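Topology and contacts: notes
Chain residues, written in single-letter form:
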Amino acid sequence: MNAASPDSLFGLEFPSDLQLSPDGQSVAYVLGRVEEDDPNRVDAAWPKPRYRSQIVLADASGPRPLTAGTGRDTAPCWSPDGQSLVFVSDRAGKPQLYRISVNGGEARALTMAAQFPQGVSAAQWSPDGRWLAFLAPEGEADPGPERGAARIITRLKYRANGADFLPDVPAALWRCEVASGQTECWLRPEQSITEFAWWPDSRGVLYVSSTNEMAGTLWQQEAYELPLDGSPSQLTDWAAPISQLAPHPDGVRFAAQARFRTERNDTDAHLYLFGNGAEVTRLDVHDLPAGSNVSGDLHVGSMPDRPCWLSDTRLAFLVTVGGASGVYVADLAGTVKPHTFDPARVVVAFGANDRGAAWLSESATQVPQVILNGVQVSHCPAPDFALSSPERLAFQNERGEGEGWVLRPTESPAAPPALLSIHGGPHSTYGHGFMHEFQLLAARGYAVCYSNPRGSLGYGQAWSSDIFGRWGSVDADDLLNFFDTCLSQLPLDRTRTGVMGGSYGGYMTNWLTSHTNRFQVAVTDRSICNLISFGGTSDIGMRFWDDELGGNFHRSADIDKLWAMSPLRYVEQVKTPTLIVHSVLDHRCPVEQAEQWFAALKLHGVPVRFVRFPDEDHELSRAGRPDRRAERLGEYLGWLDAALMPPALDVPDQRAQMQEQLGEG
């Protein structure tokens, strides 16, 4: 085993986007890896590790590469006869569609940069094999910034995390006739299409969009039908989020993951069957959320979790259960049973039909692997350092029992320093997902304590909703209760402790350090400190606080409530040395939040270090450029080591800065 290093990330592989073959006996998936940007021009003084990916085919005999993956090959989709795949590749520049035989050979381009200069997105094959449908913007990208021209904003939502500035015109829906290769624009929607799926008889597609700009901004969505010949028609009067479309075999009904219009963001998503007119039936009649919501940081690429019909009465879908997730099956009578579920594992993505199933599975000590009909068919390597196994600890509150875990160093000192890590969301979950970050910290001598306070998913609706309108109250109580449990039940050093988290976890880090001085160090990542300014700058801010707290920034009656829950309101009480990490293109939790927190801490004399990552967004820690991900982990280690590890440890930059700001240098 090697010494634990952030660069260990570069030796890992990242399976994603698994797609089951029509006969259920093979699976195509994307295998990502990290390489030098140009392997023929390696500059030791300036390495440029980048993601590359290829399409891999696997059956019971094992995996074999289908494409070389000289760039990023992604989004495989089987032909209905199982003899070929289409996929997206940037091998010639912007992403374009290619087709390749399952027997190998050269891939043939189906779309060209001349027609799609901005590239295309994943394609879906019509069940009869005649058509491919895909989304793509028309024309050239906006050249305004290159010309130095001003950008004119007239729409309420004009930026989005992962996309930066949004185009003035939504991407069009295209169709390509496979036999002739002829491609034509099928629909120019007025509002963005968020997803689509073919009807089983190939007469057209279902798609999700919104009735107008304001509805789209406020997550009010509808399902529409678009025939091969004709105009779209609205099928629902839903005015709420709809996703994961799964057309029923009868060609009339469809299943989807959704919430009712009367439900807030803190309401668990469930599985519904939409029929003719207003007929809607909930299929997952249990108190658990649909989808896999457990955190993991090796999920680079698409993780398909669309429900899959196994027959005309049985539907497979993902469910989160505490810190685990798996494949469950619901029937039309509302009975739900586990299909593939292990309480100590996470199913990140899956695909299934009446002949087989494939899924992507991981645990706290095993990196994601592809499973086909119960047999592991991928062989992704583990990090090149010793891994720790989690220990479960329970804590109590007025709603019952909560749970969390501790990763202690494999070669643990008598009492290692303890870190409290807080997940984002707030409606997500820590648990049995593989966390390279946590394993790295444990291998470097830290005990990482992580839990699911109220607001987390997988413990029932009452647990998820218990923090509505009161962030920084019972959630903070649960976190500290759990951490105290760790300190009392395990041999940890209570004089060397830190707190860290990202997104909502960053908010809670700021909240805790502004309400207690018990921690010796803090790391706040992609955080929130000012709920008022967040409302008008975040890509979800127009609705998010209404859903989470019952108020928003644009109503004067709500300002005092939002300010009372803002860590910035209490910044004068912060004494904890703080590392701030933020991405410049983060439009979910905008960088202005980090800028405010940094300025306020600096003005009050708190030791603080602000690390800004260019060209990255809210997903840096999970899917950002690999060299930047490694640098982020290095900053974490440097700051934590400077505060909590012996002075002999070599972190001169961070230690000197911290001591200077403390007046000890």
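Refer to the structure printed above.
An account of the accompanying structure is given in this report. (Residues numbered from 1 in each chain as written. Predicted model: local features only at pLDDT ≥ 70, side-chain atom pairs only at ≥ 80, totals over all residues. Heavy atoms only, no water.)

**Notes on the overall build of the protein chain**
For clarity, the cut-off: Secondary structure counts use DSSP, requiring at least four H or I residues in a row for a helix and at least two E residues in a row for a strand, with both numbered from the N terminus. The size measure is the radius of gyration over C-alpha atoms, and the globule rule it meets is 2.2 Å times the number of residues to the 0.38 power. Buried, partly exposed and exposed residues are distinguished by accessible area as a fraction of the type maximum, computed with a 1.4 Å probe on protein chains only: under 20%, between the cut-offs, and over 50%, respectively. In this description, contact between two residues means that some pair of their heavy atoms is separated by no more than 4.5 Å. Per-residue and other accessible areas follow the Shrake-Rupley method at a 1.4 Å probe size, with only the shown protein chains counted as cover for residues. A residue counts as positive if it is Lys or Arg and as negative if it is Asp or Glu; His and the chain ends are not included. Where a charge sits is defined by one atom per residue type, namely NZ (Lys), CZ (Arg), CG (Asp) or CD (Glu).
Each helix and strand counted, the protein chain has 13 helices and 38 strands in total. Taking 2.2 N^0.38 as the reference for a compact globule, 665 residues should give roughly 26 Å; the C-alpha atoms of the protein chain span a radius of gyration of 25 Å, in line with that estimate. Dimensions along the principal axes, computed over C-alpha positions, put the protein chain at roughly 75 × 60 × 60 Å. Buried positions account for 57% of the 665 residues belonging to the protein chain. Once local pairs closer than 6 in sequence are excluded, the contacts in the protein chain between residues at least 24 apart make up 57%. As presented, the protein chain carries roughly 26000 Å² of accessible surface, and 49% of it is formed by carbon and sulfur atoms. Computed over 55 positive and 81 negative side-chain charges, the inter-centroid distance for the protein chain is 1 Å.

**Comments concerning the nonpolar core**
To keep things clear, this is the line we draw: Throughout this description, the term nonpolar core refers to a set of buried Ala, Val, Leu, Ile, Met, Phe, Trp, Tyr and Cys residues connected via side-chain atoms within 4.5 Å.
Judged by nonpolar contacts, the single largest core of 40 residues is most densely connected at Leu420, Trp471, Tyr507, Met508 and Trp545. In this view, Trp545 contacts Trp471, Ile528, Leu531, Phe534, Gly535, Gly550, Gly551, Asn552 and Leu562; residues no more than four positions away in its chain are not counted. Leu440, Leu441, Val523 and Leu644 belong to the second-largest nonpolar core, a separate cluster that totals 31 residues.

**Describing the sheet that holds strand β7 (residues 96–101)**
Condition: Note: two strands are recorded as paired if DSSP finds a minimum of 2 bridges between them. Every axis in this analysis is a line fitted to C-alpha atoms, fitted for helices over the stretch in contact. Angles between the N-to-C directions lie between 0 and 180 degrees.
The strand order β5-β6-β7-β8 describes an open sheet built from four strands, whose pairing is antiparallel. Each having just a single partner strand, β5 (73–78) and β8 (104–109) make up the two edges of the open sheet. Taken pair by pair, the neighbouring strands of this sheet meet at an average axis angle of 30 degrees, ignoring direction. As paired elements, β7 and β8 share three bridges and run antiparallel to each other. When the sheet's bridge partners are listed, Ser101 is paired in β8 with Gly104.

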